[in-house]
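This is what each chain is made of:
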Protein chains: 2
Amino acid sequence: MSEVIEKGKRAKVASFTMMERTTEEKNAALCAIAAQLLQDEAHILQENERDLIEGKEKGIDSAVLDRIMLNHDRLVAIHDALLQVVELQDPIGEILEVIDKENGLHIEKRRVPLGVIGMIYEARPNVTVDAAALTLKTGNAVILRGSSSAKYSNQVLVESIHRALEKTTIPQDAVLLIEDTSRQTASELFTMKEYLDVLIPRGSKALIDTVVANSTVPVLETGAGNCHIYIDEVANPQMTTQIVLNAKTQRTSVCNAAESLLIHRKYVEIHGEELIQVLLDADVTLYGDEAICNMDSRIYSATDEDYATEYLAMSLSIKTVDSVDEAIQHIQKYGTKHSEAIVTELQDNAKRFQQLVDAAAVYHNASTRFTDGFEFGYGAEIGISTQKLHARGPMGLPALTSEKYYIDGAGQIRQ
Amino acid sequence: MSEVIEKGKRAKVASFTMMERTTEEKNAALCAIAAQLLQDEAHILQENERDLIEGKEKGIDSAVLDRIMLNHDRLVAIHDALLQVVELQDPIGEILEVIDKENGLHIEKRRVPLGVIGMIYEARPNVTVDAAALTLKTGNAVILRGSSSAKYSNQVLVESIHRALEKTTIPQDAVLLIEDTSRQTASELFTMKEYLDVLIPRGSKALIDTVVANSTVPVLETGAGNCHIYIDEVANPQMTTQIVLNAKTQRTSVCNAAESLLIHRKYVEIHGEELIQVLLDADVTLYGDEAICNMDSRIYSATDEDYATEYLAMSLSIKTVDSVDEAIQHIQKYGTKHSEAIVTELQDNAKRFQQLVDAAAVYHNASTRFTDGFEFGYGAEIGISTQKLHARGPMGLPALTSEKYYIDGAGQIRQ
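The rules behind the values
- Sequence order sets the numbering: in each chain, residues are counted from 1 along the sequence as written.
- All chains are assigned letters beginning at A, and all ligands numbers beginning at 1, according to the order in which they are written.
- Only residues with pLDDT of 70 or above have their local features reported here, since the model is predicted, and side-chain atom pairs are shown and tallied only from 80 upward, although totals for entire chains, interfaces and linings are computed over all residues.
- To get the side-chain values, take all heavy atoms of the structure and skip hydrogens and water.
- Contacts were defined at the residue level, with two residues in contact if any of their heavy atoms lie within 4.5 Å.
- In this description, buried area is defined as the sum, over both parts, of the accessible area (probe of 1.4 Å) that is lost when the two are combined.
- By salt bridge we mean one thing: a side-chain nitrogen of Lys or Arg within 4 Å of a carboxyl oxygen of Asp or Glu.
- A 3.5 Å cut-off defines polar contacts: any pair of N or O atoms within that distance qualifies, except that in protein one atom must be a possible hydrogen donor and the other a possible acceptor, and neighbouring residues in sequence count only when both atoms are side-chain atoms.
- Segments assigned H or I by DSSP are reported as helices when at least four residues long, segments assigned E as strands when at least two residues long, and all are numbered from the N terminus.
- Helices are assigned an expected span. That span is 1.5 Å times one less than the residue count.
- A 1.4 Å probe rolled over the protein chains alone gives each residue an accessible area, and that area as a share of the maximum for its type sets the label: buried under 20%, exposed over 50%, partly exposed in between.
- Directions drawn from the helix axis to the C-beta atoms are what define this arc.
- We superpose the copies by least squares over the C-alpha atoms of residues that have a pLDDT of at least 70 in both of them.
- UniProt positions are given in the numbering used here, feature names are shortened, and annotations may be inferred rather than shown by experiment.
- Cavity means a closed set of points on a 1 Å grid over the protein atoms alone, one where a 1.4 Å probe fits but cannot get out, pocket means an open set with protein on both sides within 12 Å along at least 5 of 7 lines, and lining means a residue has an atom within 4 Å of a point.
- Grid points are joined across faces, edges and corners, and a volume is the space filled by probe spheres set on the points.
- Under the scheme applied here, ten amino acids are nonpolar (Ala, Val, Leu, Ile, Met, Phe, Trp, Tyr, Cys and Pro), four are charged (Asp, Glu, Lys and Arg), and all others, including Gly, are polar.
- The term disulfide is used for any two cysteine sulfur atoms that are within 2.5 Å.
- Throughout, an axis means a line fitted to C-alpha atoms (over the contacting stretch in the case of helices), and angles, computed between N-to-C directions, take values from 0 to 180 degrees.
- Working rule for angles: under 35 degrees goes down as roughly parallel, over 145 as roughly antiparallel, 65 to 115 as roughly perpendicular, anything else as oblique.
- Following DSSP output, two strands are said to pair if at least two bridges run between them.

**Section: the interface of chain A and chain B**
Every contact between the two is made by 74 residues of chain A and, on the other side, 74 residues of chain B. Summed over both sides, the interface of chain A with chain B buries roughly 6400 Å², with 51% coming from carbon and sulfur. Broken down residue by residue, the surface that chain A buries against chain B is led by Leu389(A), Tyr405(A) and Arg414(A), which jointly contribute 13%. Taken together, the connections running from chain A to chain B amount to ten salt bridges. One salt bridge connects Lys388(B) with Asp197(A), and the closest N-O pair in it is separated by 3.0 Å. Here chain A is connected to chain B by 53 residue pairs in polar contact (both at pLDDT 80 or more).

**Focus: helix H5 (residues 72-87) of chain B**
Residues spaced three or four apart along an α-helix point in a common direction, a consequence of the helix completing one turn every 3.6 residues. Residue and element names in this part refer to chain B. When the terminal C-alpha atoms of H5 are compared, their 23 Å separation across 16 residues agrees well with the 22 Å that a helix rising 1.5 Å per residue should span. Among the residues making up H5, those that are buried are Leu75, Ile78, His79, Leu82, Val85 and Val86. Summarising the axial view, the buried residues of H5 lie within an arc of 115°, below the 170-degree limit, and thus occupy one face. Every exposed residue of H5 that faces more than 90 degrees away from the buried side is listed here: Asp73 and Glu87. Where H5 is buried, its residues contact helix H2 (23-39), helix H3 (41-58) and helix H6 (125-137). One side-chain oxygen at the N-terminal end of H5 lies 3.1 Å from the backbone nitrogen of Asp73; it belongs to Asn71.

**Details of the relation of the copies chain A and chain B**
Between the two copies of this chain, the relationship is a rotation about some axis together with a displacement along it. When chain A is fitted to chain B, the residual RMSD is 0.0 Å, and the transformation amounts to a turn of 180° plus an axial shift of 0.0 Å. What we have between these two chains is a two-fold relation. Judged by C-alpha distance, His390(A) is the residue of chain A that lies nearest the rotation axis, at 1.8 Å. A symmetric contact is evident, with 100% of the interface residues of chain A recurring at the interface of chain B.

**Brief notes about the UniProt feature "domain: Aldehyde dehydrogenase" (unreviewed entry) in chain A**
The sites that carry the UniProt feature "domain: Aldehyde dehydrogenase" (unreviewed entry) are, in the present numbering, residues 93-277 of chain A. The span residues 93-277 of chain A is 39% helix and 24% strand, and its two end C-alpha atoms sit 55 Å from each other.

**Some remarks on empty space enclosed by the protein**
In the structure shown here, the tally under the stated rule is five cavities of 30 Å³ or more. Estimated volume of the largest cavity: approximately 390 Å³. Forming the boundary of the largest cavity are 22 residues, of which Pro218(A), Val219(A), Val217(B), Pro218(B) and Val219(B) lie nearest the centre. For the lining of the largest cavity, the per-class residue count stands at ten nonpolar, eight polar and four charged.

**So, the state of the cysteines**
Residue and element names in this part refer to chain A. All chains considered together, the criterion is met by zero disulfides over all chains. Cys227 provides the cysteine sulfur closest to Cys255, a residue in no disulfide bond, and the two sulfurs are 6.9 Å apart. Here Cys255 falls in the partly exposed class, since its relative accessible area comes to 24%.

**What about the packing of helix H2 (residues 23-39) of chain A against helix H5 (residues 72-87) of chain A?**
Residues and elements named next belong to chain A. One way to put it is that H2 packs onto H5 with a least axis distance of 9 Å and a crossing angle of 170°. When the axes of H2 and H5 are compared, the pair comes out roughly antiparallel. Of the residues in H5, those touching H2 at Asn27, Leu30, Cys31, Ile33, Ala34, Ala35, Leu37 and Leu38 are Leu75, Val76, Ile78, His79, Leu82, Leu83, Val85 and Val86. Of the residues assigned to the contact of H2 with H5, the class counts are 14 nonpolar, two polar and no charged.

**Overview of the sheet that holds strand S7 (residues 227-231) of chain A**
With respect to topology, ten strands assemble into an open sheet ordered S10(A)-S9(A)-S11(A)-S8(A)-S7(A)-S12(A)-S13(A)-S16(B)-S2(B)-S1(B), the strand pairing being mixed. Two strands close off the open sheet at either side, each with one partner strand: strand S10 (300-301) of chain A together with strand S1 (95-100) of chain B. Examined bridge by bridge, S1(B) and strand S2 (residues 106-113) of chain B share five bridges and lie antiparallel to one another. By the bridge assignment, Ile95(B) is partnered in S2(B) with Arg110(B). On the sheet, helix H11 (residues 265-281) of chain A packs against S7, strand S8 (258-264), strand S9 (285-288) and strand S11 (315-321) of chain A and is oriented at approximately 145° with respect to S8(A).

**A look at helix H15 (residues 347-356) of chain A**
Those residues of H15(A) that sit buried are Asn349(A), Ala350(A), Phe353(A), Gln354(A) and Leu356(A). Summarising the contacts, the buried residues of H15(A) are in contact with S7, helix H14 (324-334), strand S12 (339-343) and strand S13 (361-366) of chain A together with helix H1 (3-18) and strand S16 (401-412) of chain B.

**Notes on the sheet that holds strand S3 (residues 116-121) of chain B**
Each strand in a sheet pairs with its neighbour through backbone hydrogen bonds, running either in the same direction (parallel) or in the opposite one (antiparallel). Residue and element names in this part refer to chain B. Read across the sheet, four strands follow the order S5-S4-S3-S6 without closing on themselves; strand pairing throughout is parallel. Two strands close off the open sheet at either side, each with one partner strand: strand S5 (175-177) and strand S6 (198-202). Sheet twist, expressed as the average angle between the axes of neighbouring strands with direction ignored, equals 20°. Note: S3 against strand S4 (residues 141-145), five bridges, orientation parallel. Counted as the bridge partner of Ile120 is Arg145 from S4.

Shown next as structure tokens:
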């Protein structure tokens, strides 16, 4: 039996035990894991160092190595994040609907765990603990399939988790790591419908696309953000500049950063030059259409590819449009259903934009950077869903749950 | 451009128009379609006759031909079903959550249409109208891919729908039929992620399995029901017999009918013979383990395959178990996550069974036959979901919707 199938079976068995665990038991386990990680610090950092050394030898990019790197502060941050999950409300058991039928049947729709969650992710050891914490809090079992570049770190972290769970009522098999990080094990997870209830890919667009294209297990898709800001005919210029600067430059590597600007021709004529200068002064590389390029020789001519690109960098594409509808159509074509914004003083245009733009979050007069589980007040975030089934936008703990009808009768039969 | 891609594009455009349509406009369209179908009765029945003649020539099974057949009464039933959908509450626009942040951001999570729904279904012309009605009511566009055995009927019905929509504000492209019923067009739908938001297969297990295995478009899975009734150690024998008879024999061809009986050894010893006789008297073919077979020579010996089979007929597999936990484990192995029941006077066992059995609907002292959108009071049913994401159990109109965050600000930027 392959490692994946064998661990799939064990996780499935553990998931049934998890269904019975109370909030107190799950929180006790989270606290135990947090404490154990700090206790095991020396060993964890030692194993993490092995990943870093092998990574350097293999010539892995320094930005990736930095994501893999653990130190005392980062371990404390992981510890603190665990304790934050303890504080979150347990969604399991919540009664979502009560139906009392005339025949006396009492029907309750309750929130229940999903079962076994498969997590496929890139080289970030903190995701190992984070995923374990969120799935455990929601009464699920998890199968972790991390990157080969973080294999020693992932192994030592899961060993710590197991040591902690040994002292609790939570089965160790509720958190299992696939140690073989070959492509083969990822492929096995894609189709292991018998033991996996959902697969969550976390990482690059390429990783997510591979999982979506090949998986027969249902996928919770967290996607890319080619986010637009549309500046309407009548918009407060000071507010506009602030929002654009914030959405583009406050943090460029995140999925809710703005990547493309659509500006109404009339706004371009009056306030365009000023906005362009502010962006150039902030060292943003601009790719514009003809009307925009004419304003400054430092602006590059935008191609279709620019409009389709999530730069994740200090770059921005710009297009002049003649109406809110043209802006909406452009977003329909190039958007990734993540976060989109309109800046306008015209309420009807704001309403039309919010209704017709097909995205998880549609802003009026605010920065796209707010699309985030913590900013929305959900306390934790599994990711930002760009799919339209099950969960959309920032996913908190309820995204890791399912529902079940409990029906109580006194011998009712159907007529 | 292939028919599927071309219609995908048109449906996508229509889906944006649908986002703006009010409940009144959608209901007016449903009424117009209902009236048009009766007006076009002669032509519809004539085209339906062509399907029946071709079907007979091809030697299609008479049960299938009966499902294809339309007549005055069935057309009136389709008409009436449309008017019932008019009466249902429109879920679109419902505000699911309101978050007011300290920084003044006002966040509303609202129910919105999914977009374009692809429906792949077998030879039932009524599904053509039913699917159009439910998707239209929820503000979606639909692409219908029916069976070649009902192609003339489907075409004439969609022509009628288009004639009706012409007089309304709903675009004709909101309901499109794929006329080429070759395998190729189904395959194209499986991967048309650009224009399809969800695929819903309706029909046999084989059809559903094919869609799930091959689709990269998210699927709403309506599955098979290998439903169990577990009779516990202490159960009211009269209630037990009624529930078992009802769940097995009231209607055998449906997914919520019972297919397997698990009986506690102590109940078998005291009341087993009586129950078995009642079932045999009702002409139910029984497949039992040794303890059951010993009771009557007419009982066949049950194989593993029997326990895994959804008979959809007057057949029932029976197994003796020693505890509620053994029953739960058997259901974990053979169940299809549809509907499961326990008959017991022991509240703790009922609670344990309901908590640990992983199914959409878990009954205590009632027949599994109640798992149904109409019985639950949802008024319409797209199907019964046996998946755990998005929707579980009987799916009413909300299963055909997604969510969107509307965020209103006054220039807020992220710190």
